[in-house]
Amino acid sequence: MRIGELAEQTGVATRLIRYYEQQGLLSADRLPNGYRTYSTSHVERIERIAGLVQAGIPTRLVKVLLEAEAACALEQPACSAEVATLLAEELVGLEKRIECLTRSRDTIRQYLAQVSAAGP
């Protein structure tokens, strides 16, 4: 599939797909005319990348996480002490954001339950 089709399937703008490729997060095959071509595996990868970016993970760490996931899937830990430190620091920030989002979600649920109970 071409980049426009990939963008349509994933809901990610073509500009971002090109940016992900520039950052080394994605590798497209090229047709003889130079056009990018993608497979269904690219759809999953783009959705994973976009989800991580939307969760607040910087692209430099997205690459590290994707590499770590691939290594873990093959049961081949390939993480240097430097990378482990980066991931540990990011984990602290992630847990704080999750806590904040959980509180917000719970507040919204409670508010909606009160509104529903009060009726029209």
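Residues numbered from 1 in each chain as written. Predicted model: local features only at pLDDT ≥ 70, side-chain atom pairs only at ≥ 80, totals over all residues. Heavy atoms only, no water.

A. Looking closely at the environment of glycine 34. Summarising the element assignment, glycine 34 is placed in the loop between strand 1 (29–30) and strand 2 (36–37). Distance in space between the C-alpha atoms of glycine 34 and glutamate 8 is 21 Å, their sequence separation being 26 residues. (Helix = DSSP H or I, 4+ residues; strand = E, 2+ residues; numbered from the N terminus.)

B. Seen up close, the side chain of glutamate 90. By the secondary structure assignment, glutamate 90 is in helix 5 (residues 81–118). Its relative accessible area of 14% is what places glutamate 90 among the buried residues. At a separation of 3.1 Å, a polar atom in the side chain of glutamate 90 contacts the side chain of arginine 97. Beyond its immediate chain neighbours, meaning those up to four positions away, glutamate 90 contacts Gly56, Ile57, Pro58, Leu61 and Arg97. (Buried < 20%, exposed > 50% of the residue type's maximum accessible area, 1.4 Å probe, protein only. Polar contact = N/O pair within 3.5 Å; in protein donor to acceptor, adjacent residues only side chain to side chain. Contact = heavy atoms within 4.5 Å.)

C. How the structure looks around helix 1 (residues 3–10). Among the residues making up helix 1, those that are buried are Ile3, Leu6, Ala7 and Thr10. What you see down the axis of helix 1 is that its buried residues fit within an arc of 100°, all on one side. Where helix 1 is buried, its residues touch helix 2 (14–22), strand 2 and helix 3 (40–54). Glycine 11, located one to two residues past helix 1, shows a positive phi value of around 75°. (Arc of directions from axis to C-beta.)

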